[in-house]
Amino acid sequence: DGQLLSHTNVEWSVLLDSEQPIKGQIWSLFLQDDNLFIGQLNGLWKWNISTKQLSRYNDFENVAINGFALSPELGLLMATSNGIWQFKDNAWVQFFTNTDSSKDVNCILALGGNELLAGTKNGLLKISKTGSVTAASLQGIPLMSLTLDSNNGLWLGSRQDGLFYFDGSKWYEANSRSGLAGNLFSRLMFDHSGYLWLGIGGRGVYFTKLVAIVTGK
C-alpha cells in the first residue's frame, strides 16, 4: 500500500512508508542513476536516492504506469495506459500512441536493431525506433508481460489466455488445461539458471522450466 522497501546485505529497510504521499499499490519500478521511477495504476513518481526527495509527475495523474524498458538508442521508455513515453532531456515525451480504441500498453521490451515489442490489450506490436508499427500478432489477446530467454525465445503472459512462447518460427501456448496454475500472468522473468519466474494472478509466484510444457519437446 505505497510502502517502498530496499534490500541490502540480506536485510530489508523502509525507504518510504504508507504515511508518505504515495498511496495505493506500487506497480512498477526502474532505477536510472540516482533516480528511482515509481509507477502506480494512477500516477508516476520519482525518488532521488541522494537527496531523498520524492516528487510526482502531475501530467500522469490517473494514468496507469505499467512498466519500463531501456533501449540502447532510445533510452528509457515507459508503458502506460496512454501509450509509450520516452525519457528525453530530463522530461517524459510521447513516443507512441496506439491507434486502437484502447491506448493501453501493458508491457514493453527493447530488442536489438532498435525495435520494441509492446504488449497491449489487443495483442502484440513490433514498433520501430521512429514509433511506427511494423508487425502485429496475437490480435485480440490482452497481454500483460513479456521477456526473452537465453536463446532469444519470446515468452508472453496474457490476462486470461495463459502463456505464449515464440521460438522464432512457430507459436506455442499453455494454460490451466495443460497443467499451469492459472491463466493470468502478470510478470515473467528468467533467472541466471534458466528458470522462468511467473507471477500468476490469484495464485502467487512460481518458477519452473517450461519449454517442455509449452512445446511438448
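Because the structure is predicted, anything quoted here is derived from the model rather than measured.

A. The overall build of the protein, seen in detail. Each helix and strand in the protein was counted, giving 1 helix and 21 strands. With respect to the three principal axes, the spread of C-alpha positions in the protein is 50 × 40 × 30 Å. A sequence separation of at least 24 residues applies to 31% of the contacts in the protein between residues at least 6 apart. In the protein, 16 positive and 18 negative side-chain charges are present, and the distance between their average locations comes to 6 Å.

B. Structural view of the sheet that holds strand S17 (residues 163-166). Spatial strand order, S15-S16-S17-S18: 4 strands in an open sheet with antiparallel pairing. The open sheet has two edge strands with one neighbour each: strand S15 (143-148) and strand S18 (171-174). Ignoring which end each strand starts from, the neighbouring axes of this sheet average 20 degrees apart.

C. Quick look at the environment of Trp47. For Trp47, the position within the fold is in strand S5 (residues 43-48). In this structure, the C-alpha to C-alpha distance between Trp47 and Phe37, residues 10 residues apart in sequence, is 6.5 Å.

D. Summary view of the sheet that holds strand S21 (residues 204-208). If you walk across this open sheet you meet the 3 strands as S19-S20-S21, and the pairing is antiparallel. Looking at which strands have only one partner, the edges of the open sheet turn out to be strand S19 (185-190) and S21. In this sheet, adjacent strand axes meet at a mean angle of 20 degrees when their direction is disregarded. One ladder, built from 5 bridges, connects S19 with strand S20 (residues 196-200); its direction is antiparallel. Bridge pairing links Phe190 to Leu196 in S20.

E. Expanded view of unusual backbone geometry. Its identity is not glycine, yet Lys52 carries a phi of approximately 60 degrees, on the positive side. Within the fold, Lys52 resides in the loop between S5 and strand S6 (53-57). In this structure, Asn62 takes a positive phi of about 65 degrees despite not being glycine. Along the chain, Asn62 turns up in the loop between S6 and strand S7 (65-71).

F. A look at the side chain of Gln40. For Gln40, the location among the structural elements is in strand S4 (residues 35-40). Owing to a relative accessible area of 2%, Gln40 belongs among the buried residues under this scheme. Engagement of the side chain of Gln40 in a polar contact is seen with the backbone oxygen of Lys23, the distance being 2.8 Å. A distance of 2.8 Å separates the side chain of Gln40 from the side chain of Trp45, its partner in a polar contact.

G. Structural context of the pattern of salt bridges. All chains considered together, the criterion is met by 3 salt bridges. Between Asp104 and Lys121 there is a salt bridge, with its nearest N and O atoms 3.7 Å apart. Within this pair, whereas Asp104 is found in the loop between strand S10 (91-96) and strand S11 (105-110), its partner Lys121 is found in the loop between strand S12 (116-120) and strand S13 (123-127), the two being separated by 17 residues in sequence. With relative accessibility at 41%, the residue Lys121 sits in the partly exposed group.

H. Looking closely at a nonpolar patch on the surface. Together, Met189, Tyr195, Trp197, Val205 and Phe207 make up a nonpolar patch on the protein surface, roughly 510 Å² of accessible area in all. Position of Met189 relative to the elements: it lies in strand S19.

I. A look at the packing of aromatic side chains. Considering all chains together, one arrives at 13 aromatic pairs under this definition. Ring centres 5.5 Å apart and planes at 80 degrees place the aromatic pair Phe37 and Trp92 in the edge-to-face group. You can see Phe37 sitting in strand S4 and its partner Trp92 sitting in strand S10, a full 55 residues away along the chain. Each of the two residues, Phe37 as well as Trp92, counts as buried. When the centroid spacing of 4.9 Å and the interplanar angle of 75 degrees are considered together, the rings of Phe60 and Trp85 count as edge-to-face.

J. Just the layout of surface pockets, in detail. For the largest pocket, the calculated volume is near 560 Å³. Lining the largest pocket are 22 residues; nearest its centre among them are Ser145, Leu146, Arg187, Leu188 and Met189. Listing elements by their share of the lining of the largest pocket, those giving two or more residues are strand S3 (26-32), S7, S11, S15, S19 and S20. For the second largest pocket, the calculated volume is near 210 Å³. At the level of elements, S13 and strand S14 (133-137) are the ones that each hand at least two residues to the lining of the second largest pocket. Its residues assigned to classes, the lining of the second largest pocket comprises 10 nonpolar, 4 polar and 2 charged.

Reading guide: rules and limits
- All chains use their own residue numbering, which begins from 1 and follows the written sequence.
- Reporting in this predicted model follows two pLDDT cut-offs: at least 70 for local features of residues, and 80 or more for side-chain atom pairs to be given and counted; totals over whole chains, interfaces and linings ignore these cut-offs and use all residues.
- Only hydrogens and water are set aside; all other atoms, that is, all heavy atoms of the structure, feed into the side-chain values.
- Secondary structure elements are defined from DSSP: runs of H or I of at least 4 residues count as helices, runs of E of at least 2 residues count as strands, and each element is numbered from the N terminus.
- The contact criterion used is simple: two residues touch if any of their non-hydrogen atoms lie within 4.5 Å.
- For this count, His and the chain ends are skipped, Lys and Arg are scored as positive, and Asp and Glu as negative.
- Note on charges: their place is set at NZ of Lys, CZ of Arg, CG of Asp or CD of Glu.
- DSSP calls a pair of strands paired once it identifies at least 2 bridges connecting them.
- Here the axes come from fitting lines to C-alpha atoms, over the contacting stretch only for helices, and the angles between their N-to-C directions go from 0 to 180 degrees.
- Three labels apply to residues, based on accessible area from a 1.4 Å probe with only protein chains included: buried if under 20% of the type maximum, exposed if over 50%, partly exposed otherwise in between.
- Counting of polar contacts relies on pairs of N or O atoms within 3.5 Å, with two restrictions inside protein: one atom must be capable of donating a hydrogen and the other of accepting it, and residues adjacent in sequence are counted only when both atoms are side-chain atoms.
- In the sections that follow, a salt bridge refers to a side-chain nitrogen of Lys or Arg positioned within 4 Å of a carboxyl oxygen of Asp or Glu.
- Patch rule: a residue counts if its relative accessible area is over 30% and it has no salt bridge; like charges are joined within 9 Å, and nonpolar side chains (Val, Leu, Ile, Met, Phe, Trp, Tyr) within 5 Å.
- Computed with the Shrake-Rupley method and a 1.4 Å probe, the accessible areas treat only the protein chains shown as cover for residues.
- Any pair of Phe, Tyr and Trp rings, taking the six-membered ring for Trp, is counted once the centres come within 6.5 Å. Such a pair is stacked with planes under 30 degrees apart, edge-to-face with planes over 60 apart, and tilted for the rest.
- Within this scheme a cavity is a closed region of a 1 Å grid, computed over the protein atoms alone, that accommodates a 1.4 Å probe without allowing it to escape, whereas a pocket is open but has protein on both sides within 12 Å along at least five of seven lines; lining residues each have an atom within 4 Å of a point.
- Grid points are joined across faces, edges and corners, and a volume is the space filled by probe spheres set on the points.
- Residues were grouped as follows: Ala, Val, Leu, Ile, Met, Phe, Trp, Tyr, Cys and Pro as nonpolar; Asp, Glu, Lys and Arg as charged; and all remaining residues, including Gly, as polar.

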